[in-house]
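An overview of the molecular structure
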Amino acid sequence: MSRHLLFDRIDEPGLNTIGVYERRGGYSAMRKALQMPPEAIIEEIKQSAIRGRGGAGFQMGQKASFLPKGEMAKYLVCNADESEPGTFKDRELMQKSPHTLVEGIIITTYATGIHRAFIYIRGEYQLQADILDQAVAEARSAGYLGENILGSGHSLELVVHRGAGAYICGEETGLLDSLEGKRGNPRLKPPFPAIEGLYAGPTLVNNVETLGTVPTIINMGGAEYAKIGTQGSTGTKLISVSGDVQRPGNYEIELGMPSREIIYGLCGGPRDGRSVKMWFPGGSSSPVLLESDLDLAYDFDTMAKAGSMLGSGAIIVVDDSHTALEVMQKVVKFYAHESCGKCVPCREGTNWTLKMIERIEAGESTPMDLDILASAQSQIIGHCLCVLGDAMAMPVGSIVEKFRDELAEEIEAARERANSLAYATA
Amino acid sequence: MPRPERKLISLTIDGREVQAVEGTMLVDAARAADVEIPYFCYEPKLGAPVGACRMCLVEIEGIPKLQTSCSTPVRDGMVVNTTVERVKEAQNSIVEFLLVNHPLDCPVCDKGGECPLQDITFGWGKGRTRVIEPKRHFVKPLALSPLIAIDRERCILCYRCVRFSQEIAEDWQLIFTERGAHTFVGTHDGHPYVAPFSGNIIELCPVGALTSRPYRFRARPWDVEGSGGVCTLCPSQCNVEFTVRDDKVTRVLARENPGVDDGWLCDKGRFAYQAIHVDERITTPLVRGADGELRPAGWDEALEAAGALAEHRGRAAALIGGQASNEEAFLLARLLREGLGSGDIDSRLGAAGELDLNLMRALAAPALQASVSDLEFAHIVLVLGTEPIDDSPILDLRIRKGVRRNGVKLAIASARPSALDHNAKLAIRFAPGGEAEFLESLEWALGTPGSGETHELAALLRDGGEEVVILWGESLSAPARATLLRIADRLGLAERQGAGLLEVPLGTNARGIREAGALPGAGPGYGEASPGRSAAQIAAAAAAGEIGALHLFQIDPLRELPDRDGWERALAGAKLVVAHAATLTDGLARHADVIFPAESGAEKDGTVVHPDGRLQRLRSAIRRPGEVRAGWQVLADLAKRVGLDTGVLTAGMAFRQLIAAVPFYEGLTLEAIGGRGLRWPETEAAAAMPAPGPLAAAAGASATPAASGPRAEANGHLLAGTYRSIWAASEVEISPALRFAVAEQVVELSPQDADRLGIEDGAAVRVAQNGTRLRGRAAIRSGVPAGTAFLAAGIAEESANALTEPLVEVSKL
Amino acid sequence: MSAIDRRPPVPRYAHGSRVPGWDEAVDLEKPPATVPDPALTPVPDELREAIEAEMAKYPDRRSASIPALHLAQRHHGWCSPEAIAQVACVMRLTPAYLTSVASFYDMFYLEPKAAHEVYVCTNITCSLLGADELYERMCQAAQGHDITVRGFECLGACDIAPMASVDGEYVGPLNLDDASLIVEDIDAGRAVLEHKQLRHRACADPGARSE
Ligand SMILES: Cc1cc2nc3c(=O)[nH]c(=O)nc-3n(C[C@H](O)[C@H](O)[C@H](O)COP(=O)(O)O)c2cc1C
Ligand code: SF4
Ligand code: FES
């Protein structure tokens, strides 16, 4: 049985209001934290060893400690863009327990000496953004935001900023440009946001779930938190499971749970008579795994070792009623559409890959084209300004590699179809 | 402000140890060490690298991923590989990706032969393509502006053009729209990209996506030669390269000189070269016949006719325009003083009034001269009574750069709203003609505590940092100049490196011409000379019949000087008018008796002086068309006709005479001036600059200033100021490509006055004063203070030069 | 005609391009689009105030450009040149700056749109579960109604796949018949498919529900 820290009774009516949230013990972590020296909070977070829940899996405590100390214009940006296909966990948390996030932000800014924070939420999440606005207003009336919070000397302005529909604004530097009112193009790194981020000031960027876990860490203590999960992947994780499973949705699991248990146990597996053909363990950007990988433990390190990644914790299950070409085409179409266009290998690589796939569908390819397709992917990887290009090339590369024979057959079949159509109409 | 320090470090590139200045980008350090790394998007002139094209990827030991060498500053001990297999693969990949959508229409592309994409594809590409997918196709080329064509098929989205618009010119008109592979370069809602510096994007584009409409299909790179020169169309004196084909200038490119232009060029400088080769150009001498008609004539006939100047010995006067070279000014002054026994020569185009030699010397004192680069690194720049974008466009870019990159604090004090207002910490408006009063109150505020914007400015100048540069316009009156000097003194500008004054004169080579001695009562090097009359006095005297002959060297006073009617009478009053001109402007067409064809800036050999004291060389890039002869030669021949043997037989001799005559030029040679110029205030000879005597006591120097601010009369008249648009030039009027830009009378009004007078934006209006009437178009600008109106001067028709009084009546037509 | 010529064509973009604007030259008669002069650009008061309130939230006013474009789009129905000029005037930016920003984001319309919008997610999970047919059906159902239907990338609700966002309200899982019900609800001005709204859905995790 897994533990529930973030999702604990999350459907309780009214939990999105400050009254219910506080009645259930909400904001106690904030009160506790405001009594602690800021360094001690960072220390707790470090000890919890919590890794970022947004995709890259970088340890939060470490990132927070990169920020320069002292008084200056520093910023915290909560990444609530949640646009990775298959991912919808932040949505549920923000909608049902927005104060968890607000509380996490207050604690984190206090610990890092930040006085301005932004929640960058994707524009499509209108309901959730309205709920967050409400929560921020409630927290402000309660004196948890604004000047000198509860007499601690800590001040914080928190603004909910709505995006307008661009996947790349989930990438932290693209997000910063977007938040500065520009096109959401990623920036060159270095400098990293912790050194030079929003408005050129040091900036901490963290995912909703990462920040939302901070109150729990403060309440139970970092060391205690670190006991949950595995050594390299501590804690619980919100996961979004979708696709060909019987009970899709968000689940909170302890990291290290066997993948089969998630897909079959929690989610009921594919419909009867169907089997898992492939699954994306961490959103559509992660290389696909097969049925044979189902017994792997679901944690950061095991997924990486298997040649994929845990990413945002979004599992997409594809059963054997779908073709590999179909899946690949959807993935490619998405990244070609979402490439910001700034750097050449991503812009032209995704766009060329899409055209190659359209040519396959039109019956104008031969299996040899799969070599070009695969090599184009390897030409993208590692050459782009940010990793959006890689995010297409890796899953596509993995599909070509793992389903090569099937793809070759599909290519031949498409050619047959096109030819017979041509003769039929001739 | 401290300028960047240069510390040498060493690193290893491809197994070779090389030296580089710490902090330079790897790609530059490699190039300096003869290792070429290909790139497209990198262009240091555009600011911080964007790392978009990924062409410059290299391997740096210790970093797992390949890094962009355009954005990686060198560090001591760095080990870099640019030719290893994975780098080659990356380069191949990027070239292949770039060509996925590129049309490869090199045979019909203007850029062919000078195209980075072509070169890099050959040098670093695989040489074959695997792309058989259809490319995107568009209608091409399309107009982006009257000057620029865009071919979107060829664009590689390198960001250079949009960065120029956004981060250098800061006009924010040129943008990327859409996203991903759909991204394209465009503007808002089909508006053309028309801005003073738009042409630079043509030069920046590394492919044939942006091409010059006037240059399209005129030449191939192997048909042309480049010839270094200096643009003579405004005092910025930007360094240029003329592209020459068959002895014709077919294109003008920027020639980067950090001390002058930073590698940019305005559209006037870039496109007005067309004026060199148009039918309107005067290419033979013209002499007015007995019937009153101007007719082409032979040189002998024309020199003979102009030789009649000798009959007006002691009653001749000369004016000289800003495009003259130092040598021409020097010879003209000799002709007048030595040959015709007159001191009546002036080169000042503003309403300068009588010359105060001490004031002039004091303002030109070497220690007080700020340089163009000082604008970029100063703590504070004050722009006083000048609008850089019109008066010296390239300085507008330099000031923006200082503010943007180095945090220079900018203040503007002017009558007319400035394009730089938004970049300024403080923008102060005074009434047109109110600069003297304003400066007095500033001087007073420097020593007296108080509040208000003048005090704010005073505080900024006093406490904002030591390096203060004041950029001031030539139209400042003499009393205003005296106050300016006292302010400079009070701020200690002469004592500080990097601080000082920088004058923006009205004419291109105004400074050089003055230094050569073309001033009433001042000889070469601001030396004493026999007394002479100022331009305004010459006009009055000529109108009164006291002056018999007028010698107009590359100037039409009806066009360039205030009081058009006065000059009309003066020209009519003179018995003989001798002119040198490239085109037949109004005044000359009606009044000149002899016109010698003048050289264009691309034809001249000689020197000019930049407003910051930099001597620069003009070299003839093309043969003079038709019968045109060198200006120095015509002047020397003419001098002979009036009995003066100047001893000048070559351009070089004229230069040497000039150097000998101006003490602070001592030791200068053409070689030393070279292609980059040389600032004389920095030389040892500068000490020979004559010291100013005591200045005439200024009235009201320390008294409390009178209240300033616009003073429109109660009868609804408006206080008129003038401006001279960047486009107000005869070269612009006759360049076919620039026809769309020709300056007309645009009357700038405040919304309040427009409302009161019932005038809509763009409406036809009449400006009246004492029987003088001008027609124009109204432009409503929120920044114009109520009670004032600004009128265009220096334009061909309906020019504000006709006005003589400060108040005007504006009404709807 | 040979057989080869009769093959179904590779989906080439109509007229070489799928992006409006790529084939358009500028209008040389227009003046350059600089920062609009307040005296010449009237802005409705409520829009101006709302934009100014957004600008006040950020250390740099430019940060308000996306919120301001949302406001202008709501006010004008789409990001028309006029709407953009008004935002530019209030924010002291060039219209081009805002066009550049607006065209980057999927939710802004630089072409007129209908009063109502339906985004049908056609990304991977939804399409595995039939979103492509749903999208087609939705397009058909909306014909003749004041509704813009768009295929959209993942909207972050794969748990209710296939799904759609109707004027911002998430609904799913949808079947093909829901398309016409959605249109009916929109036309009637009532809540859309209330029983399928995401806002009412319980968390899938049984552990989260237990007391
Ligand atoms: C293309 C791309 C899209 C991303 N989208 C998201 C996202 O939607 N939400 C998110 O939290 N992180 C996203 N990330 C990861 C962020 O860049 C960043 O690593 C993360 O917000 C850091 O927060 P964390 O350390 O708490 O995970 C994305 C990264 C890339 C490269
Ligand atoms: S038009 Fe030229 S300069 Fe501009 S982005 Fe395209 S390739 Fe670069
Ligand atoms: S030159 Fe380095 S990325 Fe373009």
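Residues numbered from 1 in each chain as written. Chains lettered and ligands numbered in written order. Predicted model: local features only at pLDDT ≥ 70, side-chain atom pairs only at ≥ 80, totals over all residues. Heavy atoms only, no water.

**A closer look at the site of ligand 2**
In the vicinity of ligand 2 there are 13 residues, among which B:Cys155, B:Ile156, B:Cys158, B:Cys161 and B:Cys205 approach most closely. Taken together, the residues of the shell around ligand 2 sort by class into twelve nonpolar, no polar and one charged. (Near = heavy atom within 4 Å. Nonpolar A, V, L, I, M, F, W, Y, C, P; charged D, E, K, R; others polar.)

**Concerning the interface of chain A and chain C**
Often, the extent of an interface is quoted as the loss of accessible area on bringing the components together. Between chain A and chain C, the residue contacts involve 79 residues of the former and 60 residues of the latter. Taking both partners together, chain A and chain C bury about 5500 Å²; carbon and sulfur atoms supply 57% of that area. The largest share of the area that chain A buries against chain C comes from A:Ala164, A:Arg183 and A:Lys330, three residues that together contribute 12% of it. Our count for the chain A to chain C interface comes out at two salt bridges. Across the pair A:Arg91 and C:Asp159 runs a salt bridge, and its minimum N-O distance is 2.7 Å. (Contact = heavy atoms within 4.5 Å. Buried area = accessible area lost by both parts, 1.4 Å probe. Salt bridge = Lys/Arg side-chain N within 4 Å of Asp/Glu carboxyl O.)

**Things to note about the site of ligand 1**
All names here are of chain A. The full set close to ligand 1 counts 19 residues, and Gly54, Asn79, Asn206, Asn207 and Thr210 are the nearest of them. Asn207 places a polar side-chain atom, nitrogen or oxygen, 2.6 Å from an oxygen atom of ligand 1. Calculation on ligand 1 without its partners gives an accessible area of 600 Å², and the protein chains cover 92% of this total. Here the residues of the shell around ligand 1 sort into four nonpolar, nine polar and six charged. (Polar contact = N/O pair within 3.5 Å; in protein donor to acceptor, adjacent residues only side chain to side chain. Areas by Shrake-Rupley, 256 points an atom, 1.4 Å probe, with all protein chains shown as cover.)

**Things to note about the domain arrangement of chain B**
Under the domain assignment, chain B is made up of domain 1 (8-98), domain 2 (286-349 + 509-684), domain 3 (358-504) and domain 4 (718-812). Put simply, the middle of domain 1 of chain B and the middle of domain 3 of chain B, counted by C-alpha atoms, are 42 Å apart. (Domains from an automatic or database assignment.)

**Quick look at unusual backbone geometry**
A cis geometry characterises the amide bond from A:Lys189 onward to A:Pro190, with omega recorded as -5 degrees. Its place among the elements puts A:Pro190 in the loop between α8 (172-179) and β4 (203-207). Note the cis peptide between C:Gly172 and C:Pro173, where omega equals -10 degrees. Take C:Pro173: it is sitting in the loop between β4 (169-171) and α7 (178-188). We note that A:Glu82 has phi near 30 degrees; this positive angle belongs to a residue other than glycine. Within the secondary structure, A:Glu82 sits in the loop between β1 (75-80) and α5 (89-96). Of note, B:Phe217 is a non-glycine position whose phi angle comes to about 60 degrees, a positive value. (Helix = DSSP H or I, 4+ residues; strand = E, 2+ residues; numbered from the N terminus.)

**Section: the packing of aromatic side chains**
Taken as a whole and assessed by the stated rule, the structure comprises 22 aromatic pairs over all chains. Seen from their ring centres, A:Phe58 and A:Phe66 are 6.1 Å apart, and the 45 degrees between their planes marks the pair as tilted. Between A:Phe118 and C:Tyr58, the ring centres sit 5.7 Å apart and the planes meet at 5 degrees, which makes this aromatic pair stacked. In this pair, A:Phe118 is assigned in strand β2 (residues 116-121) and C:Tyr58 in the loop between α1 (45-55) and α2 (65-76), connecting two distinct chains. Comparing A:Phe118 with C:Tyr58, the two get one shared label, buried. Grouped by ring-pair contacts, the aromatic residues B:Tyr526, B:Phe664, B:Tyr665 and B:Trp680 constitute a single cluster. Positioned above the aromatic ring of B:Tyr159 is the side chain of A:Lys342, whose terminal nitrogen or guanidinium carbon lies 6.0 Å from the ring centre. (Phe/Tyr/Trp six-rings, centres within 6.5 Å; stacked < 30°, edge-to-face > 60°. Buried < 20%, exposed > 50% of the residue type's maximum accessible area, 1.4 Å probe, protein only. Lys NZ or Arg CZ within 6 Å of the ring centre and 35° of its normal.)

**Examining the domain arrangement of chain A**
Residue and element names in this part refer to chain A. Split into domains, chain A comes out as domain 1 (18-226), domain 2 (236-319) and domain 3 (324-425). The centre of domain 2, based on its C-alpha atoms, is set 24 Å off from the matching centre of domain 3. Listed as interface residues are twelve residues of domain 2 and, on the opposing side, 13 residues of domain 3. Taken together, both faces of the contact between domain 2 and domain 3 bury some 950 Å²; the carbon and sulfur share is 69%. Contact with domain 3 buries area across many residues of domain 2, yet Lys277, Ser285 and Val288 alone supply 40% of it, more than any other trio. Inspection of the domain 2/domain 3 interface yields one salt bridge.

**So, the side chain of A:Ser48**
Inspection of the secondary structure puts A:Ser48 in helix α3 (residues 38-48). The contact partners of A:Ser48, leaving out residues within four places of it in the chain, are A:Ile217, A:Gly222, A:Tyr225, A:Ala226 and A:Thr234.

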